[in-house]
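Here is what each chain is made of, one letter per residue.
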Amino acid sequence: MAKRSTNVVPLASVRPVAFGQALSERYLSYALSTIMARSLPDVRDGLKPVHRRLMHAMRLLRLDPNSAFKKSARVVGDVIGQYHPHGDQSIYDALVRLAQEFSVRYPLIEGQGNFGNIDGDNPAAMRYTEARLTAVAEALLGGIDENAVDFRPNYDGSTDEPIVLPGGFPNLLANGAAGIAVGMACSIPPHNAGELCDALLHLIKTPNARIDTLVDMVKGPDFPTGGVLVEPRESMVESYKTGRGAFRLRARWIKEELPRGQYRIVITEIPYQVQKGKLIERIAEIINAKKLQILEDVRDESADDVRIVLEPRTGQVPAELLMEQLFKMTDLEIRFPLNLNVLDKDNTPRVMDLREALQAWLDHRREVLIRRSTFRLEAIERRLEILEGYLIAYLNLDKLIKIIREEDEPKPKMIKAFGLTDNQAEAILNMRLRALRRWKSSRSGASTRSCRPSARTSRRCSRTRSCSGAGSPKRFRRPRRSSARRPSSAGAAPRSPTRRSRSSTRSRISSSASRSPSCCRPRAGSAPPRGISTPSRRRSSSTRRATRRSSSCTPSRPTRSWCSAPTAASTRWAATGCRVRAATASRSG
C-alpha cells in the first residue's frame, strides 16, 4: 500500500482569488516570458536567446572558423544541459537555420552534411551533421572575454551566460528575424551589409539624418535567394519610417528563344522562403486543372542553381502575359512583411524605425568599445604594478629570499619591509625559481654593461661606416700585407711595412680626416663626449706604438652605419681613445 504524502497545505494559507484575476496574472507572466526570452530578437545583436546560447556554447567548444567540425549533437547537448532547458529538436532546428545559405543572408554557422535544401527537404539527424562558427559569428563574439558585455547566471546557477553579444556585425538588419510572441510578432527582412555600413557611417556624421536619405543608401531588402523587388520607393520610405509595411517580391526570369518562333521561360531566382518543390507542384496543379491554357509544361532542371523551365503552348502568346498570370496564381510573387518590433537595451519590446534601429546598434558598439578599452587599460595597469613589484624584488633579491626562507607567513613581512601591494607580493611568491635565476643573470649582465660603456661604444664605432655611405675612411682600412720588403732609397735602411715613422702616421691621420665628410670631422676646439678620454700630446712610446697599430687596423668588411650623422664625430673620438686605453692596458698587463 502506497504511503500517503504528508505535504499537506494548511487551510489557513489558502486565500480566495477571483478566477479571472488569477488567470490574467498567470497568462501575463507567460506572455512576458515568451516575448522577452523566446520570440523577439534584441536590437543590439539581432539574436534570440536560443541563437545567442548556441553561439556562446560553440565558442566555449572552440568551434572557430579555423578549427575542425564537431557533431551537432554535441553542440545541442551542451546548450540543453547548460543554457536552454527545452526540447532538442527546437534547438537543432535553430542551429540548422543559421547554417542554411538560402535562409540567412550571412550564415553564422558553417555546416557539414545534409542541412536541407531549397526544395524543402528536411536536414539529416543531428548525430550525422557537423558544425562550426563562421567569420561573421566570430565578429559578433569579438571582445566577449574583455568585459564587453554583462553576464548573468544560467537557469540553475551553475555557470554564466551573456545577456547580449558584443555584436561587431549589424546582424538584426543584415540577417533579419522572424518570431511570433503573445499579442505581438516580429518580421524583419535581410539587407545588404555594405549598404548598412554606408548608412551607419552617414548616421555617425549626421545623427539627425532623414529616413529618405538613409533609404537612398539602404535601397531595400536583399534576400539570400534573390528575386526582383517591385515595391515603389515611396512605399518603402513609409515602411521604414513607421517600422511596419510590406515589400512585393517577384521571381527573376529570362526568355530563351527557340527555333520556329518558339520560346521558353527559365526562372533563375525565386522569392524568399518559398520552397521550390511546392512551387513546382502548384504550377503542375494549375496545368492539370487547365486553369492556365497557355501553359503546357513545367520542368525542374535545377542543379546547384535554380532553373525552372516553363513551356508555353504556342509561341504567339507574349511571355509577359504568361508570367503575369503566374504571378497572380502562384508564389512566384509574394509580399514579405516588415514589422520592426524588437527588444531595446532596457529589454522593452517596441516598434522602431530604420534610424532608431541603426542608432541603437551604434550606441551598443560605442558602449562595447568603451568597456573593452577600460578592460585593456586596467590590465596594463595591473601588469605595470606587478612589474614594479618585480623591480623591487630584483633590487632586494637576497633579502627577499631570506624572508621567504625564514618566515612562516612571508607575505605580510614582504609588504611591510618593501612597501609592496597585495598583488605584487602574491605575484612574487608565485614566481618560479627559474625566473629568479634569470633575474640574477640579467642583473649581472646589466651591471657589466653599465660598467663598460666605452667598450660597447668602441665596438659600435668599429662597425660604423661614414655618414656619406661611401665606405669607411682610409685610416680605418687595413693595409695590404706583403712578405717582401719595399725597395729602400740609397743609403737608407729598409723598413718593415708594419712599422711606420711618427711623421707618416700623423700625416695619414690628418689626410684621412681632411678627406672625410664635414659631418664626421670633429670641429676645432670641440670636446669628446663625456666618459671618453682623448690621447694627450705627450705620450709614451708604448702608447704611440698602440696608436699606430689602432690607426692601421680596421674590420675587414665594414658594415652599414646605424648611427646618425651628428654622432659620427663622437664615435671617432671614442674609437681613438678606447683603442689607446685597450692597447695600454694590454701592454701594462
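Residues numbered from 1 in each chain as written. Predicted model: local features only at pLDDT ≥ 70, side-chain atom pairs only at ≥ 80, totals over all residues. Heavy atoms only, no water.

Peer 1: Please provide a residue-by-residue account of a positive patch on the surface, values included.
Peer 2: Together, K399, K402, K413 and K416 give the surface a local cluster of positive charge. Looking at the positive patch, the elements with two or more residues in it are α13 (397-406) and α14 (410-418). If you trace the backbone, K413 turns up in helix α14. (Patch = residues over 30% accessible without salt bridge, like charges linked within 9 Å, V, L, I, M, F, W, Y side chains within 5 Å. Areas by Shrake-Rupley, 256 points an atom, 1.4 Å probe, with all protein chains shown as cover. Salt bridge = Lys/Arg side-chain N within 4 Å of Asp/Glu carboxyl O. Lys, Arg positive; Asp, Glu negative; His and termini not counted. Charge placed at Lys NZ, Arg CZ, Asp CG, Glu CD. Helix = DSSP H or I, 4+ residues; strand = E, 2+ residues; numbered from the N terminus.)

Peer 1: So what's going on with the sheet that holds strand β11 (residues 263-269)? Residues and values would help.
Peer 2: Pairing between sheet strands relies on hydrogen bonds along the backbone, with the strands arranged either parallel or antiparallel. Pairing is antiparallel across the open sheet formed by four strands, whose spatial order is β10-β11-β13-β12. Both outer strands of the open sheet, β10 (252-257) and β12 (295-300), are each paired with one neighbouring strand and no more. Averaged over neighbouring strand pairs, the angle between their axes works out to 25° when direction is ignored. As paired elements, β12 and strand β13 (residues 308-312) share five bridges and run antiparallel to each other. Bridge pairing in β13 links L295 to P312. Sitting on the sheet, helix α10 (residues 276-288) is in contact with β12 and β13, with an inclination near 160° to β12. Sheet strands touched by helix α11 (residues 319-329): β10, β11, β12 and β13. Its angle to β10, the strand with the most contacts, is close to 145°. (Pairing = 2+ DSSP bridges. Axes fitted to C-alpha atoms, helices over the stretch in contact; angles between N-to-C directions. Contact = heavy atoms within 4.5 Å.)

Peer 1: So what about a nonpolar patch on the surface? Which residues, and what values?
Peer 2: A surface patch of nonpolar side chains, amounting to about 370 Å² of accessible area, comprises L377, I380, L384 and L387. Here L387 lies in helix α12 (residues 354-395).

Peer 1: Help me get a handle on a negative patch on the surface, residues and values and all.
Peer 2: A cluster of acidic residues, E406, E407, D408 and E409, forms a negative patch on the protein surface. Topologically, E409 is positioned in the loop between α13 and α14.

Peer 1: Account for the nonpolar core, naming residues and giving values.
Peer 2: A general tendency of soluble globular proteins is for nonpolar side chains to be buried together. If you look at the biggest cluster of nonpolar residues, it comprises 69 residues, and the most contacted ones within it are M55, V75, L95, L108, L173 and L358. Considering each element in turn, this core owes the most residues, seven residues, to helix α4 (residues 88-99). Not counting the four nearest positions on each side in its chain, L108 is found in contact with L47, M55, L98, L133, T134, V136, A137, L140, N171 and N175. With 29 residues, the next largest nonpolar core counts I270, I280, A319 and F336 among its residues. (Core = buried A, V, L, I, M, F, W, Y, C linked by side-chain atoms within 4.5 Å. Buried < 20%, exposed > 50% of the residue type's maximum accessible area, 1.4 Å probe, protein only.)

Peer 1: Run through the sheet that holds strand β1 (residues 70-71), naming residues and quoting values.
Peer 2: Strand order in the open sheet formed by three strands is β1-β3-β2, and the pairing between neighbours is antiparallel. Strand pairing shows two members of the sheet lacking a second neighbour, β1 and β2 (109-112), which therefore form its edges. Bridge analysis of β2 against strand β3 (residues 130-133) gives four bridges, and the strand direction is antiparallel. Paired with I109 across the strands is L133, a residue of β3. Against the sheet, helix α2 (residues 49-60) engages β2 and β3, with an angle of about 90° to β3.

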